[in-house]
Amino acid sequence: MKVYLKKLIQGKNLTADEMKNAALSCFNKTVTESQIAALLTALQAKGETANEVSGFAEMIRSQSSFQIKLEKSVLDNCGTGGDMSGSFNISTTSAFVIAGSGVAVAKIGNRSVSSKTGSADVLERLGISLFFTKEQIEEALAENNIAFLFAPHVHHALKPFVKVRKDLGLPTIFNIIGPLTNPVELDSQIIGVYQKEKLEVVAQALKNMGRQRAIVVTGAGGMDEASLVGENHFILLENEKLTPFTIHPEEVGLPVYPLEAIKGGNAKENASITRTVLEGEPGAYMDTVLLNAGIGLYAHGTATTIQSGIEMARESILSGKALTTLNGLISMSKKYTSEVV
């Protein structure tokens, strides 16, 4: 670890293998909390590279007992968080719309860190269990096209970092890698990052990890979701090639809204917003979900364009399939909970 810390302090980058070894030392508790803090701080001060991000994420995934590979293609649409926008749970709501369109979604997430309500908070309020077993996650994905993976539940090995991150109280590599640590083997992914300068780092990290197809987005207004405020910036990963592009909501037939129009609240309020969107109530909330779900369907390859993805998302909502998907996961949660009791 001392060798790696010296390199970082000198402003030198670690290779992916060096990053994996450094992370493994932390998991094996062969280093002190002070050294873990120094590692996280030095990486952040230097600026994390794609090799460092992918190396760290791959080591975290390897330590999970929830590694799952399904015969069907699976997508995740988790953002990094941290945009401080106070919006409702856009990607969580979009996940049910994507799943209602026939695409399996394994969504990793956590409780609130920088926002009022994290994905785990709102899902728990909706009546969805955060503690599915590996077998239950597989069943949910196979039968209902969606499962939620609560990060602390599927990544027990991260315990050495918890206290250090809390004590530091600073942004670290963990503010980037969350969506990359999903232990389910994914074919495609959409990741939102609120820092535009991190777009290429995350996209290259996904390429390093072998993702077949993915989209990384920074939304207008500095959001970690696609936004209806204005122009959104993307990088598409396809056939190992990174292609940047931009989209304004009016280019895909959606109106422009101010950021205030999609403000969220506490878990109860955000759960209600999710339900009203899935029930088809028109407005800024639904249009924002249509955009993000449409991008997710395009990232997966089910939709050939983002415009067609938006129309597929609209059909998922208006047909009731998205709401049925939500209710199906709630029913599974009740069944699993009663079995435990």
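Above this text sits the structure in question.
Before going into details, it helps to say that this report is about the structure given with it.

Calculation rules
Residues numbered from 1 in each chain as written. Predicted model: local features only at pLDDT ≥ 70, side-chain atom pairs only at ≥ 80, totals over all residues. Heavy atoms only, no water. Core = buried A, V, L, I, M, F, W, Y, C linked by side-chain atoms within 4.5 Å. Buried < 20%, exposed > 50% of the residue type's maximum accessible area, 1.4 Å probe, protein only. Helix = DSSP H or I, 4+ residues; strand = E, 2+ residues; numbered from the N terminus. Contact = heavy atoms within 4.5 Å. Axes fitted to C-alpha atoms, helices over the stretch in contact; angles between N-to-C directions. Parallel < 35°, antiparallel > 145°, perpendicular 65-115°, else oblique. Left-handed = near helix turned anticlockwise from the far one by under 90°. Nonpolar A, V, L, I, M, F, W, Y, C, P; charged D, E, K, R; others polar. Salt bridge = Lys/Arg side-chain N within 4 Å of Asp/Glu carboxyl O. Arc of directions from axis to C-beta. Polar contact = N/O pair within 3.5 Å; in protein donor to acceptor, adjacent residues only side chain to side chain. Phe/Tyr/Trp six-rings, centres within 6.5 Å; stacked < 30°, edge-to-face > 60°. Lys NZ or Arg CZ within 6 Å of the ring centre and 35° of its normal.

1. A look at the nonpolar core
Grouped burial of nonpolar side chains is what soluble globular proteins tend to show.
Argument step 1. By size, the foremost hydrophobic cluster in this structure holds 75 residues, and its most contacted members are Phe96, Val97, Ile137, Leu291, Ile295 and Leu326.
Argument step 2. In terms of residue count, helix H13 (residues 284-300) provides more of this core than any other element does, ten residues in total.
Argument step 3. Among all residues touching Val97, those that are not within four sequence positions of it are Leu278, Val289, Ala293, Ala313, Ser316, Ile317 and Ala322.
Argument step 4. Counting residues in hydrophobic clusters, the runner-up holds 44 residues, among them Ala57, Ile173, Leu199 and Met209.

2. Quick notes on the packing of helix H5 (residues 90-100) against helix H12 (residues 267-278)
Argument step 1. Contact geometry for H5 and H12: axes closest at 10 Å, N-to-C directions at 30°. One way to sum up the angle between H5 and H12 is to call them roughly parallel. Every pair of crossing elements has a handedness; the one defined by H5 and H12 is right-handed. Residues Thr93, Phe96 and Val97 of H5 form the contact with H12, whose own contacting residues are Thr274, Val277 and Leu278.
Argument step 2. Per-class residue counts for the contact of H5 with H12 are four nonpolar, two polar and no charged.

3. Focus on helix H6 (residues 119-126)
Argument step 1. Along H6, six of the eight residues are buried, which leaves the element largely enclosed by surrounding structure.
Argument step 2. Of the residues making up H6, those classed as buried are Ser119, Ala120, Asp121, Val122, Leu123 and Leu126.

4. Comments concerning the packing of H5 against H13
Argument step 1. Packing of H5 against H13 leaves a shortest axis separation of 9 Å and a crossing angle of 60°. Our classification of the angle between H5 and H13 gives oblique. Crossing geometry of H5 relative to H13 is assigned as right-handed. Counting all contacts with H5, which are made through Ile90, Thr93, Ser94, Val97 and Ile98, the residues of H13 involved are Thr288, Val289, Asn292, Ala293, Gly296 and Leu297.
Argument step 2. Class assignment of the residues belonging to the contact of H5 with H13 gives a composition of six nonpolar, five polar and no charged.

5. Comments concerning the pattern of salt bridges
Argument step 1. Across all of its chains, the model carries twelve salt bridges by this definition.
Argument step 2. Note that Glu33 is salt-bridged to Lys163, the shortest N-O span being 3.9 Å. Residue Glu33 is found in helix H3 (residues 33-46), and its partner Lys163 is found in helix H9 (residues 159-168); the two are separated by 130 residues along the sequence.
Argument step 3. Linking Glu139 and Lys335 is a salt bridge whose minimum nitrogen-to-oxygen distance equals 3.0 Å. Of this pair, Glu139 sits in helix H7 (residues 134-144) while Lys335 sits in helix H15 (residues 321-340), placing them 196 residues apart in sequence.
Argument step 4. By relative accessible area, Glu139 is classed as partly exposed at 23%.

6. Things to note about helix H1 (residues 2-9)
Argument step 1. The complete set of buried residues in H1 reads Tyr4, Leu5 and Leu8. Projected down its long axis, H1 shows its buried positions confined to an angular sector of 100°, all on one face. H1 presents Lys2, Val3 and Lys6 as exposed residues on the side facing more than 90 degrees away from its buried surface.
Argument step 2. Buried-residue contacts for H1 involve helix H2 (16-27), H3 and helix H4 (50-62).
Argument step 3. After H1 finishes, the residue Gly11 shows a positive phi value of roughly 80°.

7. What to know about the side chain of Asn144
Argument step 1. Secondary-structure assignment places Asn144 in helix H7.
Argument step 2. In terms of polar contacts, Asn144 uses its side chain to reach the backbone carbonyl oxygen of Thr325, at 2.9 Å.

8. Side note on the packing of aromatic side chains
Argument step 1. Following the criterion strictly, the structure yields eight aromatic pairs and no others.
Argument step 2. Relative to Phe174, the ring of Phe56 lies with its centre 5.4 Å away and its plane at 65°, an arrangement referred to as edge-to-face. Remark: Phe174 occurs in helix H10 (residues 174-177) and Phe56 occurs in helix H4; sequence separation between them is 118 residues. Phe174 matches Phe56 in its accessibility class, with the two residues each being buried.
Argument step 3. Note on Phe88 and Tyr285: the rings are 4.9 Å apart at their centroids and 80° apart in plane angle, and the pair reads as edge-to-face. Placement of the pair is Phe88 in the loop between strand S1 (74-76) and H5 and Tyr285 in helix H13, with a sequence separation of 197 residues.
Argument step 4. Residue Phe88 is classed as buried on the basis of its relative accessible area, which comes to 2%.
Argument step 5. The ring of Tyr298 carries Arg213 above its face, with NZ or CZ at 4.7 Å from the centroid.

9. Quick word on unusual backbone geometry
Argument step 1. Within the chain, Lys29 stands out as a residue other than glycine whose phi angle is a positive 60°.
Argument step 2. Mapped onto the elements, Lys29 comes out in the loop between H2 and H3.

10. Re the environment of Ser119
Argument step 1. For Ser119, the location among the structural elements is in helix H6.
Argument step 2. The spacing of Ser119 and Asn239 is 120 residues in sequence and 31 Å in space, taken between C-alpha atoms.
Argument step 3. Leaving out residues up to four positions away in the same chain, Ser119 has contacts with Asn89, Thr92, Lys107, Gly109, Asn110 and Phe148.

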